[in-house]
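Structure at a glance
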Amino acid sequence: ARAQEVTTVFAAASLTNAFQDIGKLYREKTGKEVAFSFAASSALAKQLEAGAPAAIFASADTKWMDYTEGKDLTLKATRVTPIGNSLVLIMPADQAKPVTIDARFDWLTFLGADGRIATGLTDSVPAGIYAKAALTSLGQWDTVKARIVGAESVRAALALVERGEARAGIVYSTDAAIAKNVKVVATFPANSHPPVEYPFEIVKGQDTPATRAFFDFLVGTEARAVYARYGFVVK
Amino acid sequence: MIEIDIRLARPGGFSLAAAFSAPAAGVTALFGRSGAGKTTIIQAVAGVVRPDAGRIVVDGEVFFDQARGIDLPIEARRVGYVFQDARLFPHLSVDSNLRYGERRARATERPIRFEAVVDLLGIGHLLKRRPHTLSGGERQRVAIGRALLAQPRLLLMDEPLAALDEARKAEILPYLERLRDEVRLPILYVSHSIDEVVRLAALMVALADGRQIAAGPVAEVMANPELLPVIGRFDVGALLECTVARHDEAFALSDLTFPGGVLRVPQVGRPVGAAVRARVRARDVAIALSRPEEVSVSNLLSARIEAVRMQEGPYADIELSVGPSRLASMVTRESVARLRLAPGQAVWAMVKSVAVDSRRPESEPS
Amino acid sequence: MIEIDIRLARPGGFSLAAAFSAPAAGVTALFGRSGAGKTTIIQAVAGVVRPDAGRIVVDGEVFFDQARGIDLPIEARRVGYVFQDARLFPHLSVDSNLRYGERRARATERPIRFEAVVDLLGIGHLLKRRPHTLSGGERQRVAIGRALLAQPRLLLMDEPLAALDEARKAEILPYLERLRDEVRLPILYVSHSIDEVVRLAALMVALADGRQIAAGPVAEVMANPELLPVIGRFDVGALLECTVARHDEAFALSDLTFPGGVLRVPQVGRPVGAAVRARVRARDVAIALSRPEEVSVSNLLSARIEAVRMQEGPYADIELSVGPSRLASMVTRESVARLRLAPGQAVWAMVKSVAVDSRRPESEPS
Amino acid sequence: MLTPEEWIAVRLSLEVAFWATFWSLPFAVLVAWVLARLDFPGKGLLDGLIYLPLVLPKVVVGYLLLLTLGARGAIGQYLDAWFGIKLIFTTAGATVAAAVVSFPLTVNAIRLALEAVDRGLEVAARTLGASRLDVFFSVTLPLMLPGVLSGALLAIASALGEFGATITFVSNVEGQTRTIPLAIYSATHMPDGDAMALRLTVVSVVLALGALLLAGLVDRRIRVMIGRA
Amino acid sequence: MLTPEEWIAVRLSLEVAFWATFWSLPFAVLVAWVLARLDFPGKGLLDGLIYLPLVLPKVVVGYLLLLTLGARGAIGQYLDAWFGIKLIFTTAGATVAAAVVSFPLTVNAIRLALEAVDRGLEVAARTLGASRLDVFFSVTLPLMLPGVLSGALLAIASALGEFGATITFVSNVEGQTRTIPLAIYSATHMPDGDAMALRLTVVSVVLALGALLLAGLVDRRIRVMIGRA
Ligand SMILES: Nc1ncnc2c1ncn2[C@@H]1O[C@H](COP(=O)(O)OP(=O)(O)OP(=O)(O)O)[C@@H](O)[C@H]1O
Ligand SMILES: Nc1ncnc2c1ncn2[C@@H]1O[C@H](COP(=O)(O)OP(=O)(O)OP(=O)(O)O)[C@@H](O)[C@H]1O
Ligand SMILES: [Mg+2]
Ligand SMILES: [Mg+2]
């Protein structure tokens, strides 16, 4: 019942901080209610498919947005991609020393005898998917594949690095920014992987003025400031 | 009228076949050695065990009929079952255990009253207790009370008094007699005590290894030599059907006439003219060749020796006729030799009054 | 030597205080009405229930001593406990149940043998079966066997024979006697059957409501009028300490001398000169003013009336002396009046041979 | 101590745990009874079906719930059309998810207790005139209460910890479906989330210990009541 | 039918489920016995501790395992240094995660069965000369076997379905820790993963039904053996 009165936004879990701040700003400014559901983009997409009455879908990658579009669940015409992210290599703060990632980077020396790289699941968690793409395009995937450990979320990968269980991690710059005890030691070349983008769309049948109002707010200047504060690449 | 005709086999080799009928009121005793199949029969009547074949009819209602596919559910049979193990409900107080069946009973004309049962069984002080705090005998008494208060139309009692002391038994037995007679409650009764059986039962079914070796009036069945080891040598005896002739209030004695003579026994609680049954144990009957004078023995019956049977050990069984009635006497073989006892001889049978058990027989089997 | 001196209270108001000692070999009977505390005492000896105070010492080994803080664990006490409920292990076959204690027993000089026990109890055909397929009596027999085979140094038996038929009892009792005498196994024995008690026990402890009302040799305790309702009027009697004088092999009789006379009884299995005890029930003793001739009664003892006590109902108790020995006779009040029986009178006591139980007494209490 | 958001999550968790247990318990008792006392073809299948939510990753359970009970789901569409029951996004849905996930645990506990009830007592009750149903309520149920209680405790505990099925089925909506575990999940995606995650974890533990303590007291009472103390 | 990767996941799942059950069962029996038969201060705490893995989101459980048993963890560092046992990123670690998560379920089932064992029989065994330990193995354990079996089944089932704690503690390393649930999880997060998810779900269900069937047979045998059939 409540979903009718308030605008419900489906957002990828990695947008949690930013969207909550933006939601607060919006409430203060307009007095209107917005509700968020933060989960994996895939779960949200499936829920939309099952008829979940959300108004806006903010995905952490284009694949799932394409999926909902393909199922005619979200309005292609409304797609905006206001923010992106960059992929970085992190290490525990006490072992960190900057490196440069390119096609000649010697991962095995960098990792040592049994060092591991933690990242998201390389076939399902966006950060992991991008990491695999980047390493593949650098021609190094087969070398490091065995050293990759896939976590359930970027946060879990961060924890592994923070604890020193993994020697390094591949995460988003936004994640690295909020983590303690880790340092960014390199940024993956932007051309080594498809751009990390967060497409937003309005859900079919929910294109009401209220939805529009918040959707526009999400890409407005105030929102962009918030994105920037959390380390997103604002376009 | 209770008609039982059942066959059933248990895994492990035991098989049972029994067929007997019992009157609508009165006690029928099931008798036999341990493992003979007594409990199995009771269970079949209660509906706890399903016979392989046969039928069970109580008061015209078919409990079970294999041929017609009838098998009345346990609760519809309204039998009061006193289990060999007490089976009290552990989560209920003694009081609630007693009330369990009472609350579920149909209204009856002459309900068995709670207070009466509690008094009789001497469990008033236990009402608030839980079963696991009761002694073995206390548990059994509560189980008897619970079965009675369910206002059953048939009582199944599986060695109900085995765990009780003599005094308690002596109190409960007359009550069961009253139930039998006044409420006209038919009772199937398993007991190893021939005293209880003789006192309560009109009919007796004797079992051995699942076979029914005899069924009929108690006196007849008890005469069956196959039963001797079960009954025990010392409890064998004769039953005399008597009529109350006279009461001697001063000495608390009664005279009973039976075909062939008079027996003087401890006072029976029945009016003059009433029928009673007297049990005279063979071991309590002595034989004299001439009428003994000035002895404390009150009953001196003129008898004739019908048969003399030498037994194992020192024993000899003497069969006596007193008029048309029969008596049995157990003496030593030495006495037989000393007195030269022989069939046809006229003798005196000496029976102490105090040794005669007399009981009130209920309606006899048809 | 078994010394018991315990006090304990149960929630619900029951409290127990008992103090008695029993010889190192022999049977001590615990007697009393349902709920008197018999099982509780047995449990305390087994270590299943912990007394609030007191001590329990068996053969010099302290099982329990509240003052010294000793409480031997159950398994260290090596008591063979036959429970009022059989408590067979449901997951083991009868055979394995029997072997359970045997396998854990210490080596003893005269082990109780498996085959002997199985034969005695007639459970050979049940060995492969599971407890839940046994009848009530079969279960109890297996439980007895299991306790015996644990080669205990003390046997605790809580109404072990109540569920058994007379024939089976008659087989088991002599075996228990043999155990008592040959293995010199002390036994604490709870039974409602005074026959069993008299037959087996040297000592008797009578309890009422947790109080110990009497303890001592069976004959003395049984004379206690408080016990009459428990024992039952018909089982009262005298015990005579006798010596085997002569065997009459032809008639399978034995002559027993006792201070004051001779008793002729069914043959006892003891050599001439051996001590035996004979039980003469009051109800089996008749009185004659002159010596009766030509009667089957083999024992005519010249006696003197010591006391005449009128009882309720038709009964009168006559106390007789035969030389220095005492006998009791139960007659009707009418006979007292008819024969004008009075203290001081010289009479003849008539005792049928077949009515005398004689038993082999074991080492008497100290 | 806790932020208002956290309080909401705690309240919601309690609500979900309570109602999930409340609704699933009678069914669990019924199913346990059927499995323990009846024999029928297809019993094995039912047995298997009941264990499914345990065997499958909770995310899959949530997904299956979504497919069946979602607004467009096989059953869900009728729930909405006929009864106006909406599960997706709602506390009711979260309750369903928690109940389904805990169901095998509850059934198993109850079944074990039920199987330990002496059938001889049930027979005795029937000879005293009680119908099967009556016997169940007056004898069997009281005697298996410790198992029911244990089952309820398992249900509450697993409802308090349920995450995967809930977030997959009914998403993560504050005040509606964001129970403590989902709030912890969200917290881990916030810069200052560690403290919040820790607080909520502690709350979970305290709630569980509370439930356990309460269950312990109730259990003691039940055992005294049924004479097994 | 299944891809080689999927076969690896299936084999791994079976291994993990088997070893997790195998190792946790004796401890579960011990703990259940302690909880059911002993009384000591702090028993409530132990009881609570055992329920924790059930109450907490599995991800939190995994995180706590990481903190304690990781290579740098409070205990984990010594496991490595002293015994050379490495849990993180290994099948052994996945087994530990599965065992920890299923432990409360196993303990609970065993405990219920244990509490139903008639103490009178234990007393009888002791009068026959059996020590407490002997009694446990010769009387108590056989009589509670149905509960142990039921506990084992719960352990296997929950190990087969365990996801959150495993992935958080030991991550997803193919051939080491990538069990069926992890593979399914990945599949459900791929737009074209439905077919794979479905295949693996079916495999899970088949495995569970197989375990159940086997348990059913064993259970019947046990019941016949202990005379409760
Ligand atoms: N656990 C208990 N809690 C409270 N009272 C108990 C408990 N166990 C026994 N009692 C009470 O203690 C008294 C003695 O019990 P006990 O079992 O020793 O009797 P008993 O002499 O063996 O009787 P019976 O011949 O009926 O077996 C009884 O009144 C009984 O109700
Ligand atoms: N469930 C069962 N499976 C196999 N055999 C059984 C089963 N129940 C009883 N029996 C056997 O059937 C026979 C008759 O048992 P029943 O219980 O009727 O004997 P009973 O006459 O009551 O003996 P008791 O006086 O010892 O109680 C016994 O030999 C017993 O071993
Ligand atoms: Mg029987
Ligand atoms: Mg007792």
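Because the structure is a prediction, the values reported are computed rather than measured.

1. A few points about the overall build of chain B
Counting its regular elements, chain B contains 10 helices and 21 strands. Against the globule reference of 21 Å for 366 residues, chain B gives a C-alpha radius of gyration of 22 Å, in line with a compact fold. Looking at chain B residue by residue over its 366 residues, the buried ones come to 61%. Sequence separation of 24 or more characterises 64% of the internal contacts of chain B that already satisfy a separation of 6 or more. Per element, the accessible surface of chain B, about 13,100 Å² overall, is 49% carbon and sulfur. Across chain B, the mean location of the 48 positive side-chain charges is 3 Å away from that of the 44 negative side-chain charges.

2. Description of the pairing of strand β11 (residues 211-217) of chain C
Residues and elements named next belong to chain C. Across 6 bridges, the pairing between strand β10 (residues 201-208) and β11 is antiparallel. In the sheet register, L207 faces β11, and the bridge partner there is Q212. In this antiparallel pair of consecutive strands, β10 and β11, the connection spans 2 residues, and D209 shows a positive phi of 50°.

3. What to know about the packing of helix α2 (residues 43-55) of chain D against helix α7 (residues 132-161) of chain E
For the pair α2 of chain D and α7 of chain E, interaxial distance at closest approach is 7 Å and the crossing angle is 50°. Accordingly, the angle class assigned to the pair α2 of chain D and α7 of chain E is oblique. Residue-level inspection shows Y51, L54 and V55 of chain D of α2 of chain D in contact with α7 of chain E, the latter providing L153, L154, A157, S158, L160 and G161 of chain E.

4. Considerations on the site of ligand 1
Taken together, 21 residues are adjacent to ligand 1, and R129, G137 and E138 of chain B together with T39 and T40 of chain C come closest. Each of chains B and C places residues near ligand 1. In the environment of ligand 1, a nitrogen atom lies 2.9 Å from a nitrogen or oxygen atom belonging to the backbone of T133 of chain B. G37 of chain C is positioned such that a nitrogen or oxygen atom in its backbone is 2.8 Å from an oxygen atom of ligand 1. Across the complex, the protein chains shield 92% of the 640 Å² of accessible surface that ligand 1 would expose by itself. Contributing elements (two or more residues each) for the shell around ligand 1: α5 (136-149) of chain B together with α1 (38-46) of chain C. Its residues assigned to classes, the shell around ligand 1 shows 4 nonpolar, 11 polar and 6 charged.

5. Observations regarding the sheet that holds strand β1 (residues 7-12) of chain A
Residue and element names in this part refer to chain A. Strand order across the open sheet formed by 6 strands is β2-β1-β3-β10-β4-β11, with mixed pairing between neighbours. Of all strands in the sheet, those bounded by a partner on one side alone are β2 (34-39) and β11 (233-234). Two strands pair when backbone bridges link them, and β1 and strand β3 (residues 56-58) are joined in this way by 3 bridges, in the parallel orientation. Its bridge partner lying in β3, A11 is registered against A58.

6. Quick look at the coordination of the magnesium ion (ligand 3)
Residue and element names in this part refer to chain B. Taken together, the protein donors to the magnesium ion (ligand 3) comprise T39 (OG1) and Q84 (OE1), at separations of 1.9 to 2.4 Å. Here T39, found in helix α1 (residues 38-46), pairs with Q84, found in the loop between β7 (79-82) and α3 (94-104); they are 45 residues apart in sequence, far enough to count as distant. Given a relative accessible area of 25%, Q84 falls into the partly exposed group.

7. Regarding the interface of chain A and chain D
How big an interface is tends to be stated in terms of accessible area lost as the parts join. Tallying the contact residues gives 32 residues for chain A and 25 residues for chain D. Counting each side, the surface lost to burial between chain A and chain D is near 2,300 Å², with a carbon and sulfur contribution of 55%. In terms of surface lost to chain D, no three residues of chain A exceed Q47, A50 and R155 of chain A, which account for 22% of the buried area on that side. In this assembly, chain A and chain D are joined by 0 salt bridges. Our enumeration of links across chain A and chain D arrives at 7 residue pairs in polar contact (both at pLDDT 80 or more). Elements supplying a minimum of two residues to the side of chain A that touches chain D: α1 (2-5), β1, α2 (16-30), β2 and α3 (41-49) of chain A. Here the residues of the side of chain A that touches chain D are counted per class, giving 17 nonpolar, 9 polar and 6 charged.

8. What about the confidence of the model for chain D?
Residues and elements named next belong to chain D. Averaged over all residues, the pLDDT of chain D equals 87, while 99% of them reach at least 70. The least confident element of chain D is helix α4 (residues 76-83), whose mean pLDDT is 81; the most confident is helix α6 (residues 119-127), at 94. Interface confidence in the predicted complex, given as ipTM, is 0.84; pTM for the same model is 0.84.

Scoring rules and cut-offs
- Residues numbered from 1 in each chain as written.
- Chains lettered and ligands numbered in written order.
- Predicted model: local features only at pLDDT ≥ 70, side-chain atom pairs only at ≥ 80, totals over all residues.
- Heavy atoms only, no water.
- Helix = DSSP H or I, 4+ residues; strand = E, 2+ residues; numbered from the N terminus.
- Rg over C-alpha atoms; globule rule 2.2 N^0.38 Å.
- Buried < 20%, exposed > 50% of the residue type's maximum accessible area, 1.4 Å probe, protein only.
- Contact = heavy atoms within 4.5 Å.
- Areas by Shrake-Rupley, 256 points an atom, 1.4 Å probe, with all protein chains shown as cover.
- Lys, Arg positive; Asp, Glu negative; His and termini not counted.
- Charge placed at Lys NZ, Arg CZ, Asp CG, Glu CD.
- Pairing = 2+ DSSP bridges.
- Axes fitted to C-alpha atoms, helices over the stretch in contact; angles between N-to-C directions.
- Parallel < 35°, antiparallel > 145°, perpendicular 65-115°, else oblique.
- Near = heavy atom within 4 Å.
- Polar contact = N/O pair within 3.5 Å; in protein donor to acceptor, adjacent residues only side chain to side chain.
- Nonpolar A, V, L, I, M, F, W, Y, C, P; charged D, E, K, R; others polar.
- Donors = N, O, S within 2.8 Å, 3.2 Å for Na, K, Ca; no water.
- Buried area = accessible area lost by both parts, 1.4 Å probe.
- Salt bridge = Lys/Arg side-chain N within 4 Å of Asp/Glu carboxyl O.
- pLDDT = per-residue confidence, 0-100.

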